[in-house]
There are 2 protein chains.
Amino acid sequence: MINRISRHKGILGTMVFNHDGIAIKSSLNETTTNFWGSQIKDIIKSGCEVGEAFEEGNILAMIRIRSKKYEVCFVPEKDFILITIHEQVDEN
Amino acid sequence: MINRISRHKGILGTMVFNHDGIAIKSSLNETTTNFWGSQIKDIIKSGCEVGEAFEEGNILAMIRIRSKKYEVCFVPEKDFILITIHEQVDEN
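Position labels on residues start from 1 in each chain and follow its written sequence. Starting at A for chains and at 1 for ligands, labels are handed out in the order in which the entities are written. Where local features are concerned, this predicted model is filtered to residues with pLDDT of at least 70; where side-chain atom pairs are given and counted, the filter is 80 or more; whole-chain, interface and lining totals use all residues. The side-chain figures draw on all heavy atoms in the structure; neither hydrogens nor water molecules are used.

**Student:** Run through the overall build of chain A, naming residues and quoting values.
**Tutor:** Of regular secondary structure, chain A possesses 2 helices and 5 strands. Secondary structure follows DSSP: runs of H or I at least 4 residues long count as helices, runs of E at least 2 residues long count as strands, and numbering of each begins at the N terminus. Reading chain A from its N terminus to its C terminus gives the helix and strand order α-β-β-α-β-β-β. The buried share among the 92 residues of chain A stands at 41%. Every residue pair with non-hydrogen atoms within 4.5 Å of one another is taken to be in contact. Expressed as a percentage of contacts within chain A between residues at least 6 apart in sequence, the contacts between residues at least 24 apart total 37%. Accessible surface, chain A: about 5,400 Å² in total, of which carbon and sulfur atoms supply 49%. Any residue under 20% of the maximum accessible area for its type is buried, any over 50% is exposed, and the rest in between are partly exposed; the area is computed with a 1.4 Å probe on protein chains only. Calculation of accessible area relied on Shrake-Rupley with a 1.4 Å probe; when residues are assessed, cover is drawn exclusively from the protein chains displayed.

Structure representation (structure tokens):
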């Protein structure tokens, strides 16, 4: 799965974590991977709170954080969390 | 601006806050608006940390939190933060 996703254009990195932020698989180096593992809990927690704010049980499907140059997608699944890092393709 | 955005298909609400989470304008009721005002600081903070993680000064452009039924977009600008709430259009 990671190799297939990593081959998409603009994808800089693909990582899979458990819900505690422990890396299961990653296409990036250990330092970068561990950094993202440390970010997961807060971001997913904020996302879940927003989801639940609408309706109890309203399941969080994805969080996308876009900056000028990059976009990070967090996809929480039952047993793991997928993070992909994309380069912003210049639309001009 | 808010009226124009609010007329888009699937938009349930549009709100504008200052960076302290104080509502400037909103198409939603006070309770709902104040709730989102209280959520802003943590979410934008997480987003900025992610942006900065790549590169110092890497400006946060947008955060999108998608759940099964809704999507919330946070667009931080220099003087305000725009939040739009969208209904997930069923793609089937």
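On we go from here.
**Student:** An account of the layout of surface pockets is requested, with residue identities and associated values reported.
**Tutor:** Definitions used for this entry: grid spacing 1 Å over protein atoms alone; cavity, a set of points where a 1.4 Å probe fits but cannot get out; pocket, an open set with protein on both sides within 12 Å along at least 5 of 7 lines; lining residue, one with an atom within 4 Å of a point. Grid points are joined across faces, edges and corners, and a volume is the space filled by probe spheres set on the points. By volume, the largest pocket amounts to about 190 Å³. What lines the largest pocket is A:Asp42, A:Lys45, A:Ser46, A:Glu49, B:Ser38, B:Gln39, B:Asp42, B:Ile43, B:Lys45, B:Ser46 and B:Glu49. The set of elements that each furnish at least two residues to the lining of the largest pocket consists of α2 (30–54) of chain A together with α2 (30–54) of chain B. If one sorts the elements of the lining of the largest pocket by residue count, α2(B) sits on top with 7 residues. Asp, Glu, Lys and Arg are counted as charged, while Ala, Val, Leu, Ile, Met, Phe, Trp, Tyr, Cys and Pro are counted as nonpolar; the rest, among them Gly, fall into the polar class. Broken down by class, the residue content of the lining of the largest pocket amounts to 1 nonpolar, 4 polar and 6 charged.

**Student:** Describe the pattern of salt bridges, and please don't skip the residues or the numbers.
**Tutor:** For salt bridges, the criterion is a side-chain nitrogen of Lys or Arg within 4 Å of an Asp or Glu carboxyl oxygen. If you walk through the whole model with that rule in mind, you get 6 salt bridges over all chains. Because the salt bridges share partners, they merge into one network encompassing A:Arg64, A:Arg66 and A:Glu71.

By themselves, these are just geometric observations and shouldn't be taken as functional.
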